[in-house]
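Residues per chain are reported as follows:
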Amino acid sequence: MLQEEPKVWYACYGSNLLKERFSCYISGGKPANAKRVYPGCTNKTLPEKSKSISIGGELYFAKSSKTWSGGGAGFIKPDFNENIKTLGRMYLITQQQFVDLVQQEIKFEGDFDIDLKQVIKNASLDMKNNSWYGKIIYLGQEENCPIFTFTNEEYLKDEINSPHEFYLKIIIEGLKETYCMTNTEIENYLKTKEGIKGFPIETRLQQLIKA
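Here goes a summary of the coordinates provided. For clarity, every value in this text was computed on a predicted model and none was experimentally measured.

Concerning the pattern of salt bridges
Inference 1: Applying the stated criterion to the full structure yields twelve salt bridges.
Inference 2: The structure contains a network of salt bridges with shared partners spanning K49, K51, E142 and E143.

Notes on the pairing of strand 4 (residues 73-76)
Inference 1: Burial along strand 4 is two-sided: the residues A73 and F75 and G74 and I76 are all buried.
Inference 2: Examined bridge by bridge, strand 3 (residues 59-62) and strand 4 share four bridges and lie antiparallel to one another. Paired with F61 across the two strands is G74, which belongs to strand 4.

With respect to the environment of N129
Inference 1: Counting through the fold element by element, N129 comes out in the loop between strand 6 (124-126) and strand 7 (135-142).
Inference 2: Accessibility expressed as a relative area gives 27% for N129, which makes it partly exposed.
Inference 3: Among all residues touching N129, those that are not within four sequence positions of it are I106 and G134.

Regarding the packing of helix 4 (residues 165-179) against helix 5 (residues 183-190)
Inference 1: At a closest axis distance of 11 Å, the pairing of helix 4 and helix 5 adopts a crossing angle of 125 degrees. Accordingly, the angle class assigned to the pair helix 4 and helix 5 is oblique. In the crossing of helix 4 with helix 5, the sense of the turn from one axis to the other is right-handed. Facing helix 4, whose interface residues are L168, I172, L175 and K176, helix 5 presents N183, I186, Y189 and L190.
Inference 2: Of the residues assigned to the contact of helix 4 with helix 5, the class counts are six nonpolar, one polar and one charged.

Overview of the packing of aromatic side chains
Think of a pair of aromatic rings as described by two things: how far the centres are apart, and how the planes are tilted against each other in angle.
Inference 1: Applying the stated criterion to the full structure yields 16 aromatic pairs.
Inference 2: Ring centres 6.4 Å apart and planes at 35 degrees place the aromatic pair F22 and Y25 in the tilted group. Placement of the pair is F22 and Y25 together in helix 1 (residues 19-27), with a separation of three residues, close to one helical turn. The exposure classification of F22 matches that of Y25, with both residues buried.
Inference 3: When the ring centre of Y155 is taken as reference, the NZ or CZ atom of K77 above it lies at 4.4 Å.

Reading the values: rules and limits
- Residues numbered from 1 in each chain as written.
- Predicted model: local features only at pLDDT ≥ 70, side-chain atom pairs only at ≥ 80, totals over all residues.
- Heavy atoms only, no water.
- Salt bridge = Lys/Arg side-chain N within 4 Å of Asp/Glu carboxyl O.
- Buried < 20%, exposed > 50% of the residue type's maximum accessible area, 1.4 Å probe, protein only.
- Helix = DSSP H or I, 4+ residues; strand = E, 2+ residues; numbered from the N terminus.
- Pairing = 2+ DSSP bridges.
- Contact = heavy atoms within 4.5 Å.
- Axes fitted to C-alpha atoms, helices over the stretch in contact; angles between N-to-C directions.
- Parallel < 35°, antiparallel > 145°, perpendicular 65-115°, else oblique.
- Left-handed = near helix turned anticlockwise from the far one by under 90°.
- Nonpolar A, V, L, I, M, F, W, Y, C, P; charged D, E, K, R; others polar.
- Phe/Tyr/Trp six-rings, centres within 6.5 Å; stacked < 30°, edge-to-face > 60°.
- Lys NZ or Arg CZ within 6 Å of the ring centre and 35° of its normal.

Distances and angles like these do not, on their own, reveal function.
Encoded structure:
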């Protein structure tokens, strides 16, 4: 009898909140309005389940993403604070699917692996490969499976950039799908985030949420 591959939870906080968008990482494909095609995982079985999760790293938007027409991408600050509550979603996938997912996110070509036991032991791992999402963070356990997320190794305070409307709209739809939030709740959650507060996109929030 074949031994079942270990499962892990992948916790996200940006556009992967929307199941349809996340499925491109698993099955392969091009998310709506994006400019990148994802190869998908070797194992294209969709997640067994998903659930909400509160993450203690503060959400912000930075850098200029070619995938999203030059808009800022979502990150969480690597210095966690128990008083911070970033609304996330986690998907139960296989350990190898998570490794494949990270490889796609950091655009690494060639043989690739992550020592997840080491990540758990040290609470995090900096892969030091100059990628945007090179820090793997261990968030604890759920249903006897470890929870991992990733972000940049540093807080990119000098590269704050507002997200493109297409990207932000996916996050909005993901919040609706995951949390069944009201329009006002979504606006109050997003309008304080760096990359939105004080940028022109802030004045478009209500319209994007209602659309």
